[in-house]
Every structure is written in C-alpha cells, then in structure tokens.
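Results of the structural survey
Chain by chain, the residues:
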Amino acid sequence: MVIKTENISKTYNPDSIPVHALRGVNIEIEKGEFTAIVGPSGSGKTTLLNIIGGLDRPTDGYIEVGGSDISKLSDNELIDFRRNNIGFVFQAYNLIPVLTARENVEFVMLLQNQSEEVRNERTEELLKAVGLEKEIDRRPSKLSGGQQQRVAVARALASKPTFVLADEPTANLDSKSTTNLLDIMAELNRKEEITFVFSTHDQRVIDRARRVITLEDGVIASDIRR
Amino acid sequence: MITLFKLARRNIWRNKRRTYITAASIFFAVLLASFMQSIQRGAWDKMVDGIVTSFAGYAQVHQVGYNEEETIEKAFPFNANLQNLPQEIDGLEGFVPRLTSFALASYELQTKGVLVVGTDPESEHGMTRLRNNLVEGAYFEEGENSVLIVEGVAKTLKVNIGDTLVLISSGYHGVNAAGKYNVKGILKFASPLLNRRMVFLPLSVAQNFYGAEGLITRLSIDIKEKDKLPQVVQAVQKNLGDEFEVLEWEKLMPELSEAREVDTAGNFLVLIILYVIIGFGIFGTILMMAKEREYEFGVLLAIGMKRWKLGMVIWMEVVMLGLFGAFLGILGSVPLVGYFKRHPLDFSEMEGMADAYEKFGFEPVFPASFEFQIFFTHAVIVFILTSILAIYPLLKIRKMQPVQAMRG
Ligand SMILES: Nc1ncnc2c1ncn2[C@@H]1O[C@H](COP(=O)(O)OP(=O)(O)OP(=O)(O)O)[C@@H](O)[C@H]1O
Ligand SMILES: [Mg+2]
C-alpha cells in the first residue's frame, strides 16, 4: 500500500464562511496503480491531491504514505518528505525558467544531494524516456507546452518518488500532446511500475486510467477498477 | 552542473531591463557618493595641510602640560636625545625647535603685544617655507641679532626694514628680558590669524633674550607620510617617555579638526539620504520580483527545496545585483576621481567663493583625494544595504505555503 487515507476531511475558512472541500474520504492506492481522480469543478480533486502530496493538511482524519503517518509532520518536515517521496506535475509552469530541461530534471536530485554521476545518468535516461533527448539543453521558453509537461514528468520521476501526483497535467495541452503525454506516463507505469495519481476533466485521459475515483461534493461517489 | 549560486546568477538576468535600471541607480549613487567624499576629503586635506604646515606642524613635542598652559617655565633642554630623533624614528622627516613666549614690542611711541618665536632659521624654512613668506627685506640667519615681523606688527608699529625693534618681557624663572633687534624682513602669512602678532628671532637669540640658554618650549615635527602620523607620534612618545607630551595637530588646533568633523558629518548626512532613496528603489525591485515569482517559489517548495536554500538563492540575487551596481560605480568613480585629483575643481574664477577662501588664505582649488578606502566603503555600504533589504523576501519565504503561493 503506498497511500492510505482514513476519513479525511478538509474545511477551508472554518472561522468565517466554512467550505467543506472534503468530507470523509477513504482511499487506498497500491503500488503500480494508474489512477484518475475525476469529478465536477469544485468537487475537491485538487484538495485531495494536495493532502496526499503533503502540500496541505487535512482538517481531520489520518493519512499514511509509504507506511508512515504524515498528518503530524511540521511544514519543514513536509518539505523533506515531498522531496524524497513524491513527484509533482502541475497544470502548467512547472519548470524553473532559467534552467534548461536537463538542469530542471537534475535540480531535484541536487536537492537530494545525489552524486554528479548519478544525476547525469538519470537525467539523460529520463529525458530520453519522455522523448526529449534532442531538447535536453533548451530552456522551458524554447519548448512547447507538451514538451514542458514531459520535462515535468521526467523531473517528477528524478527523485525516485513513491508515487507521482499530477493535477490536471493535460489541461493546457492540445489533443496530440495530451495523447503523447499519456502514452509516456502509461509506458513508465507499465515498464517501471511507477504509481500515478492524476486528476482530470478530459474524457480521453479518463479512458486511459485503470482505476477511476469520482468525487462529488467532497465525498467519493464511485471507485471503479478496470 | 547547476548550483544555487548559478541559479541566482541566472535569475538576475531574467528581467534584463529591471536589472539594468537597478544597477544603474546603484551605479549613480556610488559614483556620486565616492565623488563627493573624495572631493570633500581632498579639499580638507589640502586645507589642513596648508594650515598645519604653515606653522604648527603635524605634531609637536612639549613638556607635559604645556598645551594646557603655555608658559616659558615649561621650557626644556634641546638635548642630544631630541636632536637624534630623526635618526631614531622611521617616518620622521625633520623637526623645528622653537622657543615661544610673549613680549611687548615697541618702536618709537607705539607698543604692541607680540608672540615671539625663536626658531632655527634653516629647519624652519625646511618645514614651513618661511623664507617664501617674505614680502620685504631678507631672511635671517642663526645667531644674527635680527627679527622678522609679520605684516600686522609692521603696520601697527609703523616699522620698516632697518629700524630697531625693542622687545621687553619676563624671561625664564622670572628674569627681566629686554633686547633691541634689527628688523630684517617683513612676512605675510596666508592665514590672517598668523598674520597678526608674530615676530621671529633666531633660536639662540631668543634663548638669550629670555635667559633660557639651550631651552625650547616646543619641537614641531614634520612627517614623511601623513597616513603614518599616529604611528610616528606613538613612536616619538615612546622614545621620549612620559615627561613629554607628543600631540597631533587635532589636539594643537581643535577648532580646525572640529570644523572638519562638522563638515564631514554634514556630508555624511547627505550620503545617508542618498542611500535611503536608493534603498527604496532597490526595495521596490525586490517587492516586484517577489510578487512575480511567488508561483515559482511555491513550485520550488512543493518539489522539496528547503526554505533556507530558496532564501539563500534570493538573498544572493539581491546582493549580487547590488554588488554589480557598486562594482560599476567604482569602475566609473576611479577615472572620475582620478581626473579631479589631477585637475582640481577650480573656483578661483568665481568671485564670491574666491574672496571668501582667500580671506583665509586658501586658493579656492579642490583636488579630489584618491583613496581606495573610499570606494571600498561604498561597496561595503551597498553590500550591507542590499543584505538588509534582502531580508524581506526571506521573511516571506519563511512563512510561505506552497499551495497558497501557487494559487496566486
Ligand atoms: N484555499 C482555499 N480557500 C477557500 N476555499 C477553497 C480553497 N481551495 C479550494 N477551495 C474550495 O474548496 C472546494 C474544492 O476545491 P478544489 O480546488 O479542491 O476543487 P477541484 O475539484 O480541484 O476543482 P477544479 O476542477 O475546478 O480544479 C471549492 O469549493 C473551492 O472553492
Ligand atoms: Mg482542481
């Protein structure tokens, strides 16, 4: 089990106008899953991913990642936790603009104090896996949106995380780039057993998932494996 | 390989225009500040040098207590030990032994209180160029029964070259002192203060007059390098022991050093105002930068960059930008200040200014002082200023939550 939540809830602005973004969510995700979190806008997808990723804390409930309780970690402990356990792919602007594709991927490993040898080898391997060996020394501004998201995926994997979280990774991509990114993610998932959890509105993306968790009003409405 | 330093360096060039504008503002501040300070210091150095070397000397040796109460009773023997000082002490150019006291000078029916300066004609000219102050007559020689008088004395007493001046005073240990001296020359000093009451006698003649054979009241010291003054003074003091006081010009002429300090403080205030204005400009840049990059900071915290590392990058960016501007400023100041050292600012054509300065005996010409320490000081000020301003983004990062930062 890589992720396990017990009855987590999240209330924003508890003191003024409370917004109950999550209301008792129980999820268990196994290693190697390829899971989509779906649901209407405002249903709590981002909130859930943030909590699982240690970017935010639940108001209530228990959450375990890779066997350890993360709900009690301090802000700075959460930073260390995220660096070593979670790969993030955000909707856009994932990359540091002044760093090249190679440097962006390498950067996470630098933060982990990996040796130069390990960094170089892994960076090239990952950028090759996402099909960007030719663009390795370009800065993000010289890459298309789809290429940028592929670099983001490579970066997310660089730290050898327990799993990769992607909040609407294809929201800003055209359909060709979307397919391409999904192919790469699915391939990494199949070959290297990388666990992916991603949220999406896009039906084509949903179709590719092997498990679909639907949120509605902060609760799980359905959880289908296929 | 990418390091935090490299990251900071590249970030500086993200917004080239902003970097140039900020660096330019620092450039002008440093340029202006170094220039102002160099001119101010150069003008004062020149003024002090003019005043100090025209009579008092950069330092003087007295018997302890003489500076408090100038009396001939505190005269001391000009012995071998004192005469050997230049050989003993490095950085000492030479000295002028003087026996000074008051006397009444009269000529025919006129009488005036004067300051008698018994001095060694040769070493006196060596240090103060006294001979050059002659406007009439000729310079005197050691042992000769002549007196040189300043213009003020000549006018009041209505004496001329070749007349005989009578001096009356009370000498060493209260003996009666009286003598007649041939007026050999008339002197004019630049400073009106010096021009009023001085009469010069050869040292041995003055000693004879005051009944103070072999004694002097003060030994004015000339030094090779002005920067070494404190060390030389200390060395002389150590050599002579605590029977003597060795005083720098600041103690001999407190009004002069105070005037310099007041002017320097005024200058300093202007510099503070300048840097406060520049500081606000830099702070504006930092605010904008921090706001624009909030999302990016959020991403970096999300992917696990420690806060202090992120803070370090931002701090380096701001400080490097500041030092870059300061470096340009120094690069610009060096030739500018160098130029005005060789081609001093000259106000002698400006009537009001020229008159005012000439009243005090100075040419209204101000060479810049070229001191590396001035440039260095401004680089340090910019470093400190930017280091302090860079605390602001650090405080923001300390409390930053990645989710909020990325929501904008
Ligand atoms: N920081 C916050 N402060 C207050 N309310 C918030 C905050 N973040 C989210 N919400 C609210 O919580 C609810 C769930 O938001 P969330 O962003 O998780 O939904 P989502 O499913 O990701 O929506 P979308 O598909 O539009 O991205 C929404 O009503 C939203 O307005
Ligand atoms: Mg969302």
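Above this text is the structure in question.
Residues numbered from 1 in each chain as written. Chains lettered and ligands numbered in written order. Predicted model: local features only at pLDDT ≥ 70, side-chain atom pairs only at ≥ 80, totals over all residues. Heavy atoms only, no water.

A word on the overall build of chain A. Assigned secondary structure in chain A consists of seven helices and 10 strands. The C-alpha radius of gyration computed for chain A amounts to 17 Å, which stays within 12% of the reference 17 Å derived for 226 residues, consistent with globular compactness. Across its three principal directions, the C-alpha atoms of chain A cover 50 × 35 × 35 Å. The proportion of buried residues among the 226 residues of chain A is 56%. If you take every contact in chain A between residues at least 6 apart in sequence, the share linking residues at least 24 apart comes to 68%. Roughly 10,000 Å² of accessible area belongs to chain A as shown, and the carbon and sulfur atoms make up 45% of that amount. (Helix = DSSP H or I, 4+ residues; strand = E, 2+ residues; numbered from the N terminus. Rg over C-alpha atoms; globule rule 2.2 N^0.38 Å. Buried < 20%, exposed > 50% of the residue type's maximum accessible area, 1.4 Å probe, protein only. Contact = heavy atoms within 4.5 Å. Areas by Shrake-Rupley, 256 points an atom, 1.4 Å probe, with all protein chains shown as cover.)

Residues and elements named next belong to chain A. An order of 6-7-8-3-9-10 is seen for the six strands of this open sheet, with the pairing classed as mixed. Only two strands of the sheet have a single partner each, and these edge strands are strand 6 (86-89) and strand 10 (219-225). On average, adjacent strands in this sheet sit at an angle of 15° to one another, irrespective of strand direction. With four bridges connecting them, strand 3 (residues 34-38) and strand 9 (residues 211-216) associate as parallel partners. Pairing of Ala36 across the sheet is with Val212, part of strand 9. (Pairing = 2+ DSSP bridges. Axes fitted to C-alpha atoms, helices over the stretch in contact; angles between N-to-C directions.)

Next up on the list: unusual backbone geometry. Although it is not a glycine, Asn7 of chain A sits at a positive phi angle of roughly 55°. Note on placement: Asn7 of chain A falls in strand 1 (residues 3-12). Of note in this structure, Lys158 of chain B is not a glycine but carries a positive phi near 55°. Inspection of the secondary structure assignment puts Lys158 of chain B in the loop between helix 6 (151-157) and strand 7 (164-170). Classification of Lys158 of chain B as exposed rests on a relative accessible area of 58%.

Looking now at the packing of helix 2 (residues 16-56) of chain B against helix 12 (residues 307-342) of chain B. Packed helix pairs are specified by the crossing angle of their axes together with the interaxial distance, meaning the distance between the axes. Residues and elements named next belong to chain B. The contact between helix 2 and helix 12 brings their axes to 7 Å, and the two run at 40°. The element helix 2 and its partner helix 12 pack so that their crossing is right-handed. Here the contact of helix 2 with helix 12 is built from residues that sort into 15 nonpolar, nine polar and no charged. (Left-handed = near helix turned anticlockwise from the far one by under 90°. Nonpolar A, V, L, I, M, F, W, Y, C, P; charged D, E, K, R; others polar.)

A word on the interface of chain A and chain B. Each side of the interface is counted separately: chain A has 30 residues, and chain B has 23 residues. Roughly 2,400 Å² is buried in total at the junction of chain A and chain B, and carbon and sulfur atoms are behind 63% of that figure. When the shortest N-O distance is used, the salt bridge between Asp80 of chain A and Lys306 of chain B registers 3.0 Å. Joining chain A to chain B, the criterion identifies nine residue pairs in polar contact (both at pLDDT 80 or more). Contributions of two or more residues to the side of chain A that touches chain B are made by helix 2 (75-85), helix 3 (101-111) and helix 4 (116-129) of chain A. (Buried area = accessible area lost by both parts, 1.4 Å probe. Salt bridge = Lys/Arg side-chain N within 4 Å of Asp/Glu carboxyl O. Polar contact = N/O pair within 3.5 Å; in protein donor to acceptor, adjacent residues only side chain to side chain.)

This brings us to the sheet that holds strand 2 (residues 19-29) of chain A. Residue and element names in this part refer to chain A. Sheet architecture is open: four strands sit in the order 2-1-4-5, paired in antiparallel fashion. Both outer strands of the open sheet, strand 2 and strand 5 (68-69), are each paired with one neighbouring strand and no more. Summarising the sheet, strand 1 and strand 2 pair through eight bridges and their orientation is antiparallel. Within strand 2, the position partnered with Ile3 by the bridge is Ile29.

Geometry only, nothing functional implied.
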